[in-house]
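Reading the structure
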Amino acid sequence: MIKLVDVHKAFGSKRVLEGFTLEVNEGETMVIIGYSGTGKSVAIKHIVGLLEPDEGTVWVDGKEVPRLHRDELYELRAHIGYVFQFAALFDSLNIGDNVAMGLRKEGRLNERDIMLRVGEALDLVDLPNVESKFPAELSGGMRKRVGIARAIARRPKYIMYDEPTTGLDPVTSAVIDQLMVRMREKLRVTSIVITHDMRSAYTVGSRIAMLYEGKCRQVGTVDEIRHSQDPVVRQFIEGRPSLDSAEAGV
Ligand SMILES: Nc1ncnc2c1ncn2[C@@H]1O[C@H](COP(=O)(O)OP(=O)(O)O)[C@@H](O)[C@H]1O
Ligand SMILES: [Mg+2]
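This one's a predicted model, so the numbers in the text were calculated from it and none came from an experiment. (Residues numbered from 1 in each chain as written. Chains lettered and ligands numbered in written order. Predicted model: local features only at pLDDT ≥ 70, side-chain atom pairs only at ≥ 80, totals over all residues.)

What follows is about helix 6 (residues 170–187). Each turn of an α-helix holds 3.6 residues, which means side chains three or four residues apart point in the same direction. Between its terminal C-alpha atoms helix 6 stretches 25 Å, which fits the 26 Å expected from 18 residues at 1.5 Å a residue. Every buried residue of helix 6 is listed here: S173, I176, D177, L179, M180 and M183. The arc that holds every buried residue of helix 6, seen down its axis, measures 155°, which confines them to one face. Relative to its buried face, helix 6 has exposed residues pointing more than 90 degrees away, namely P170, V171, E185 and K186. On the buried face of helix 6, the contacting elements are strand 3 (29–33), helix 5 (140–152), strand 7 (158–162), strand 8 (190–194) and helix 7 (198–204). Directly beyond the C-terminal end of helix 6, a positive phi value near 55° is found at R188. (Helix = DSSP H or I, 4+ residues; strand = E, 2+ residues; numbered from the N terminus. Expected span 1.5 Å × (residues − 1). Buried ≥ 20, exposed ≤ 12 C-beta atoms within 10 Å, placed from the backbone. Arc of directions from axis to C-beta. Contact = placed C-beta atoms within 7 Å.)

The structure is reproduced here in structure tokens:
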């Protein structure tokens, strides 16, 4: 289970999170929606200990992340796959080496087993036999899928997806959505998906939370969010341009 409890985080005088609380249950996919720059990425960086809260705390599997020592943090990160907003593949490495990176760093498996895991991960994202290709030879959507393969190669318990469909065309986005659903069903992973694409949120989410002005504005099932009566949530999910027009019912 992942729990963010009353997390506050500021950068200089800029307050980003101001009491953000969110609980993610085992096996669910929690979608975090919210405007650009509201702190969605900042929030999930606290879960893997890339950022520390100024106040409040974060729990993962009963461990308090900000209190972990460095080696405990590395151990925790081994169980959390992270799909970065920009595919973040190394252009000079082939796909196999990109996907194998975490496994090699971990040093637990021999090279043969690593390549088996890599093949298995690439199969799961429907990209069999691309190990010897280079990132530049793949489309944007394929690179995203390689990013997912890299995240799952270590068989994590959790996956964080930071804007996995941003910048992709609708058809490619739908493919990524289906893959995220598949990861939940086949691998039984618990995930957090950051997105501002509502179609994606409705497709992959077990529940949806909206981050607004540093706090969790509303959290609920897909249906609860879809039928939210909160004007702030409604404005966001309907993509309407301003709160004034929302209140006027335009
Ligand atoms: N390491 C950092 N140092 C300073 N400011 C940061 C840092 N990371 C994020 N921010 C700021 O925090 C705010 C929230 O960023 P972010 O979490 O990336 O937003 P988003 O909701 O779009 O993911 C932004 O104003 C961003 O500039
Ligand atoms: Mg972000």
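In terms of domains, the chain is made up of domain 1 (1–79 + 159–250) and domain 2 (86–155). Put simply, the middle of domain 1 and the middle of domain 2, counted by C-alpha atoms, are 25 Å apart. Counting residues per element, the side of domain 1 that touches domain 2 draws most heavily on helix 6, at six residues. (Domains from an automatic or database assignment.)

Turning our attention to the site of ligand 1. Near ligand 1, the surroundings consist of F11, V16, G34, S36, G37, T38, G39, K40, S41 and V42. Per element, the largest residue contribution to the shell around ligand 1 is three residues, and it comes from helix 1 (residues 40–47). Taken together, the residues that form the shell around ligand 1 break down as three nonpolar, six polar and one charged. (Near = placed C-beta within 6 Å. Nonpolar A, V, L, I, M, F, W, Y, C, P; charged D, E, K, R; others polar.)

Below, the discussion takes up unusual backbone geometry. The residue D6 is not glycine, and still its phi comes out positive at about 50°. Tracing the backbone shows D6 in strand 1 (residues 2–11). D6 sits in the partly exposed class, given 14 other C-beta atoms within 10 Å. Its identity is not glycine, yet N129 carries a phi of approximately 60°, on the positive side. Within the fold, N129 resides in the loop between helix 4 (111–124) and helix 5.

Put simply, helix 3 (residues 95–106) and helix 5 touch, their axes get as near as 7 Å, and they point 35° apart. For the element pair helix 3 and helix 5, the recorded crossing hand is right-handed. Contacts between helix 3 and helix 5 involve I95, N98, V99, M101 and G102 on the former and, on the latter, V146, A149 and R150. Residues that form the contact of helix 3 with helix 5 fall into these classes: five nonpolar, two polar and one charged. (Axes fitted to C-alpha atoms, helices over the stretch in contact; angles between N-to-C directions. Left-handed = near helix turned anticlockwise from the far one by under 90°.)

Turning next to the sheet that holds strand 3. A sheet is described by the order of its strands in space; here six strands give the open sequence 6-7-8-3-9-10, paired in mixed fashion. Strands at the two margins of the open sheet, each flanked by one partner only, are strand 6 (80–83) and strand 10 (215–221). When the angles between neighbouring strand axes are averaged without regard to direction, this sheet yields 15°. (Pairing = 2+ DSSP bridges.)

With that settled, the discussion passes to the environment of E23. Counting through the fold element by element, E23 comes out in strand 2 (residues 14–24). Measuring from C-alpha to C-alpha, the distance between E23 and A209 comes to 9.9 Å, with 186 residues separating the pair along the chain.

Taken across its five residues, strand 8 has five buried, putting it largely inside the fold. Judged by which residues are buried, strand 8 turns out to be covered on both faces: T190, I192 and I194 on one side and S191 and V193 on the other are all buried. With four bridges joining them, strand 3 and strand 8 adopt parallel strand pairing. The residue of strand 8 that forms the bridge with T29 is S191. The β-α-β motif built from strand 7, the intervening helix 6 and the parallel element strand 8 has right-handed crossover chirality. (Right-handed = clockwise from strand over helix to strand, strands pointing away.)

What follows is about the sheet that holds strand 2. Here four strands make up an open sheet; going across it, the order is 2-1-4-5 and the pairing antiparallel. Edge strands, defined here as strands with exactly one partner in the open sheet, are strand 2 and strand 5 (63–64). Here strand 1 pairs with strand 2 via eight bridges, running antiparallel. Counted as the bridge partner of I2 is V24 from strand 2. Packing against the sheet, helix 1 makes contact with strand 1, strand 2 and strand 4 (55–60), and its axis sits at approximately 120° to strand 1.

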